[in-house]
Amino acid sequence: MAELSKAYERQAVEEKWYARWLAEGYFTANPASPKPPFSIVIPPPNITGVLTLGHVLNNTIQDILARRARMQGFEVLWLPGTDHAGIATQTAVEKWLRKNEGVTRHDLGREEFLRRVVDWQDKHGSIIIEQLKRLGCSCDWSRQRYTLDDAYVRAVQKVFVDLYRKGLIYRGRRMINWDPAAQTAVSDEEVISKPQKGNLYYVRYEIAEERGRFIEVATTRPETIMADTAVAAHPSDKRYVDLIGKHAWRPLAREKLPIIADEAIDPEFGTGVLKVTPAHDTLDFEIGQRHNLPVVDVLYPDGKINCPVVPELDGLDRFEARKKAAELLEEKGLLSKTEAYENNVGFSQRSDVPIEPRISEQWFLRYPKTKEALAVVRDHLIRFFPAHWERVYAQWLENIRDWCISRQIWWGHRIPAWYRKEKSEIRNPKSEIYVGVAPPADPENWTQDPDTLDTWFSSWLWAYETMDEETRKKFYPTSVLVTAPDIIFFWVARMIIAGLEFKPGKSDRAEDSIPFHDVYFTGLIRDKHGRKMSKSLGNSPDPLELIDKYGADGLRFGLMRIAPSGQDIRFDEKQIQEGRNFATKLWNAARFRQMHGPSDAVPKIDNQHLSIYAIEVLARLNDAIDAIDAGYRGYQFNAVAQRLYDFFWSDYCDWFIEAAKTEIFGNDASRKKSALAVMDVVLSTFLRLLHPFMPHITEELWSVLGLGKDSIQFAPPPERTSLEDVDLTPKRRLVRDIYDTVQAGRNLRTEAKLLSNRKMRFILRTNTKSISAEIPTIARLLNSEDVTLDPKYQAQAGNPVAVTPLGEIFLAVSAADKAGERARLDKEIAKIESELRTVEGKLKNKSFVDRAPTAVVEEHRRRLKDFSEQLAKLRQAREGLK
């Protein structure tokens, strides 16, 4: 048997075991296995990505579930892969090209640019996969998939064609969300609303039929006035009823505009009059449709103004143009006032710039199976954890809008649609369209659509298109999906719809078509001050640096302890340090056991010869097993981690090991053997419970201690130790009373400011005769040179005492200790008296009481009360030492 090193060498252990697991093929799933299936598909990280704490949290949870399932006897498939990340990858490569070569994708052309992206992908795309391996992820790497694999590309094309032929995919000119930075359309779900401080500009429009009379319009966007095609008020607004049907002069790019009535106008906003700009606002577009208004677009795709008739604005950035437009209006005497105003503005999730509503010809998907998608979650064929996300999911589906699936980028799944070539270079929107997986038979007469599909249009097939037919037959539907709630619409809901529409399971029934049975939504990791982590704030630690400092196991366990179910996580590196410290504690406890001889892989314990401390630790271990099983059922990972921590650190190390040393270092060989057998039971059980959270160190200890012949990954889950033939109640009550008494004695030592390693004498005044046999153990737990049992003990004045379940425990203090205690008390009294004088002085100051915030005054009154009580107790203690 190898000897455990004095210190835990985490890096060497983690590298050794991960390499061995891979070499042995422990993570490889076998579709032909007779074992029941358990499967997870990884939320595919972007090929642009590097490991973040969010990835650590998500993938640690998946690994915990996968490893536990292996131990439970399941055939486990944890399927990994990456996403091509259309916009993100193209943006990254374009940025690199501009910086290093001074060229754009248009300079290179589509074919050469895509070749450069592939080169970039080959260089950077596998970085995050290697980082996940450092974390200890037990994915089946032989099945690693990519959303641009050849087979996956064909599947995406086939789905597009199928939905097009069903009439669910169509091409149309509609109002969409335009990202001026990425210069592409984005879906409604990719628009994030953010409060923005700006201005409300009150602009005067002269009435054409009544020279010198003006109608005033409040707007946040004077830079789009040139695109106005009407002025509108509510039909019941009496202020403007006489103007309906007349006309107003547009202040910039002067033109006569109709004044119309529409019930969509809010009379309470601004002046109750709206400038209708159909090309640049969704509501305005709808009003324009109802009133047959022309659509005038005054923005280029990059967000600059396109209006040569107003040269002062033409070519300006939209935000610069806003200021300039206000200046022009003021010069014309048409800006009556400007007010500060805060409103919600939609930002592109991709580029973090304000989106522009824009009329554009795009491809759209009319979602199928929405009612069925609602039903499978409502009826709990799919369960959400935490459950409140069911309401969010239902609200989205009940108000769902068609999905804009086309993107004006080159990297990704190109839309499998071709247009019959026209004599004119300008394509006719009504020209013949061919849609198919294969190109047209006469490709020279056709032009393929230049757009690509939204990245999510490929990843909504991820749950099943990553599997071949044999694998799907075994492992689909998957068992659980672990993901963040911010992609519940982007991905979770769409995968459910795709499963129900395309029915990839073994039958057409909903229960065979759904992509997963459970969905666990993680929280968002914030810093300890509650701020979102970002590079600009400098509060986003590098997980690889944390692994270097604390080990992968330390990072995993530390993070899981602070990750409450479904809530945001306040990250503090001290918690990761505690994860490392826990690994050290485990290692040292295992070394202590090894010092006393080899462990027994199948330890035999005789319940009738167990010490009361052994009975207690085994009972607490049984309680921990039950609590951990319940925690897993509810996906309460932090509760499981905390229970593991509390049991091992406190119940086992702090109490049982210390109590068992009486037997281990005693002269009774049978009692020593019994104590060591209990240690083997606890270590064997605990290592198996802990393995999903800390796989490397548990594998090492399992192997070196000889607790099993094979890898701990396939060791069966521990069962409760049978204690049915033990009279538990009185024995457990006695142990709890002993532990409470010891804690009280330790507290007396602490309050007396005596070092914990100094041998002290205690006296226990008790009438409990049965306690005498436990005095050696109590003395050891108290680190006492002696514990005297004396039912009639009369304490000297000033002796520290505490009331316990066993009676009163006294700390015997020497004359020297009393002198030191007097000096300590004098110092404490002087300190509290000074604090008290300060607080009293402030409260006697009428100016302070009248002017200070109420909360501050109340805090000072509370401090006055606390200091007064502390001073009384200190003086009483000092009086007792005379």
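Above this text sits the structure in question.
None of the values given here were measured: they were computed from a predicted structure. In this convention, every chain numbers its residues from 1, walking through the sequence in written order. Local features in this predicted model are restricted to residues of pLDDT 70 or higher, and side-chain atom pairs are both shown and tallied only at a pLDDT of 80 or more, whereas totals for entire chains, interfaces and linings draw on every residue. Only hydrogens and water are set aside; all other atoms, that is, all heavy atoms of the structure, feed into the side-chain values.

(A) Quick peek at the overall build of the chain. Along the chain, the regular secondary structure elements total 28 helices and 29 strands. Put simply, the radius of gyration uses C-alpha atoms, and a globule should come to 2.2 Å times the residue count raised to 0.38. At 36 Å, the chain has a C-alpha radius of gyration far larger than the 29 Å of a compact globule built from 882 residues. Considering only C-alpha atoms, the chain reaches an extent of 110 × 85 × 55 Å along its principal axes. A 1.4 Å probe rolled over the protein chains alone gives each residue an accessible area, and that area as a share of the maximum for its type sets the label: buried under 20%, exposed over 50%, partly exposed in between. Burial statistics for the chain: of 882 residues in total, 52% are counted as buried. Residue contacts are counted whenever heavy atoms from the two residues lie within 4.5 Å of one another. Within the chain, contacts between residues separated by at least 24 positions form 78% of all contacts whose residues are at least 6 apart in sequence. The helix and strand labels rest on DSSP assignments: H or I over at least four residues marks a helix, E over at least two residues marks a strand, and numbering proceeds from the N terminus.

(B) Local environment of the sheet that holds strand β27 (residues 784–789). Across the sheet, four strands lie side by side as β27-β26-β29-β28; this open sheet has mixed pairing. Edge positions in the sheet fall to β27 and β28 (801–804), since each has one partner strand and no second. Each strand of the sheet is rotated relative to its neighbour by a mean of 20°, with strand direction disregarded. Bridge count between strand β26 (residues 760–765) and strand β29 (residues 807–812): five bridges; the pairing is antiparallel. In the strand pairing of β29, L764 is matched with I809. The convention used is that axes are lines fitted to C-alpha atoms, helices contributing only their stretch in contact, and that angles between N-to-C directions extend from 0 to 180 degrees. Across the face of the sheet, helix α24 (residues 728–751) comes into contact with β26, β28 and β29 while running at roughly 35° to β29. Its contacts with the sheet put helix α25 (residues 775–782) on β26, β27 and β29, and the angle it makes with β27 is roughly 135°. One bridge is not enough; two strands pair if DSSP finds at least two bridges between them.

(C) Structural detail: the environment of L754. Tracing the chain through its elements places L754 in the loop between α24 and β26. Sequence separation between L754 and V813 is 59 residues; the distance between their C-alpha atoms is 10.0 Å.

(D) Inspection of the sheet that holds strand β15 (residues 383–385) at higher detail. Strand order in the open sheet formed by three strands is β15-β23-β22, and the pairing between neighbours is parallel. Only two strands of the sheet have a single partner each, and these edge strands are β15 and β22 (478–483). Averaged over neighbouring strand pairs, the angle between their axes works out to 20° when direction is ignored. One ladder, built from five bridges, connects β22 with strand β23 (residues 516–521); its direction is parallel. When the bridges of β23 are listed, V482 appears paired with Y520.

(E) Region of the structure containing the packing of helix α2 (residues 53–71) against helix α18 (residues 552–561). With their axes 10 Å apart at the nearest point, α2 and α18 run at an angle of 95° to one another. Considered as vectors, α2 and α18 are oriented roughly perpendicular to each other. Facing L53, V56, L57, T60, I61, D63, I64 and R67 of α2, the residues of α18 in contact are L555, R556, L559 and M560. Each angle receives one of four descriptions, namely roughly parallel if under 35 degrees, roughly antiparallel if over 145, roughly perpendicular if within 65 to 115, and oblique otherwise.

(F) Quick look at the pairing of strand β7 (residues 191–206). Both β7 and strand β13 (residues 335–348) contribute to a ladder of 13 bridges, which runs antiparallel. Residue pairing across strands places K194 opposite V345, the latter belonging to β13. Where β7 lies against strand β8 (residues 214–219), six bridges are found, and the strand directions are antiparallel. Within the sheet, the bridge partner assigned to Y201 lies in β8 and is T219.

(G) Expanded view of the nonpolar core. Judged by nonpolar contacts, the single largest core of 132 residues is most densely connected at F648, Y652, F693 and I738. By residue number, the principal contributor to this core is helix α21 (residues 637–664), which donates 15 residues. For I738, the residues in contact, after removing those within four places along its chain, are I612, Y613, I771, E774, I778 and L806. Buried residues of nine kinds, namely Ala, Val, Leu, Ile, Met, Phe, Trp, Tyr and Cys, make up a nonpolar core once their side-chain atoms join them within 4.5 Å. F384, L397, W462 and Y476 belong to the second-largest nonpolar core, a separate cluster that totals 59 residues.

(H) Quick look at the pairing of β27. With five bridges connecting them, β26 and β27 associate as parallel partners. The residue of β27 that forms the bridge with L764 is L789.

(I) Region of interest: the side chain of N607. Tracing the chain through its elements places N607 in the loop between α19 (573–594) and α20 (612–633). Counting of polar contacts relies on pairs of N or O atoms within 3.5 Å, with two restrictions inside protein: one atom must be capable of donating a hydrogen and the other of accepting it, and residues adjacent in sequence are counted only when both atoms are side-chain atoms. Among the polar contacts listed, one links the side chain of N607 to the side chain of D725, at a separation of 2.8 Å. In contact with N607, other than residues within four places in its own chain, are S722, L723, D725 and V726.

(J) Representation of α19 within the structure. Multiplying 1.5 Å by the helix residue count minus one yields the expected span of that helix. Along its 22 residues, α19 runs 32 Å from first to last C-alpha, staying within 8% of the 32 Å computed at 1.5 Å per residue. Residues of α19 that are buried include every one of I576, G579, F582, A583, L586, W587, A589, A590, R591, F592, R593 and Q594, and no others. Tucked inside the fold, the buried residues of α19 contact α17 (543–550), α18, β25 (569–571), α21, α22 (669–690) and α23 (695–704).

(K) Main features of the pattern of salt bridges. Whenever Lys or Arg places a side-chain nitrogen within 4 Å of a carboxyl oxygen from Asp or Glu, that contact is recorded as a salt bridge. As enumerated under the stated definition, the model contains 65 salt bridges in all. The salt bridge involving E101 is made with R116; its shortest N-O contact spans 2.8 Å. Taken together, the residues E101 in the loop between α3 (86–100) and α4 (105–108) and R116 in helix α5 (residues 110–124) connect sequence positions 15 residues apart. One salt bridge connects K275 with D228, and the closest N-O pair in it is separated by 2.7 Å. A residue pair is termed long-range when its members are at least 10 positions apart, and K275 in strand β12 (residues 273–276) and D228 in the loop between β8 and β9 (230–233) qualify at 47 residues.

(L) How the structure looks around unusual backbone geometry. Between F385 and the following residue, P386, the backbone shows a cis peptide bond with an omega angle of -5°. Mapped onto the elements of the fold, P386 is located in the loop between β15 and α11 (389–398). Along the chain, Y476 connects to P477 via a cis peptide bond; the corresponding omega equals 0°. Mapped onto the secondary structure, P477 falls in the loop between α14 (469–475) and β22. Unusually for a residue other than glycine, D352 sits at a positive phi of about 60°. Note on placement: D352 falls in the loop between β13 and β14 (356–365). The class of D352 is partly exposed, set by a relative accessible area of 46%.

(M) Just the packing of α18 against α21, in detail. One can describe the packing of α18 onto α21 by two numbers: an axis separation of 7 Å at closest approach and a directional angle of 115°. On the basis of their axis angle, the class for α18 and α21 is roughly perpendicular. Where α18 crosses over α21, the handedness of that crossing is left-handed. Of α21, the residues touching α18 (which contributes F557, M560 and R561) are F637, N638, A641, Q642, L644 and Y645. Across the contact of α18 with α21, the residue classes tally to six nonpolar, two polar and one charged. Two helices cross in a left-handed way if the nearer one is turned anticlockwise from the farther one by less than a right angle. They cross in a right-handed way if the turn is clockwise. Residue type decides the class: Asp, Glu, Lys and Arg count as charged, Ala, Val, Leu, Ile, Met, Phe, Trp, Tyr, Cys and Pro as nonpolar, and the leftover types, Gly among them, as polar.

Honestly, that's just the spatial picture; any functional story needs more than this.
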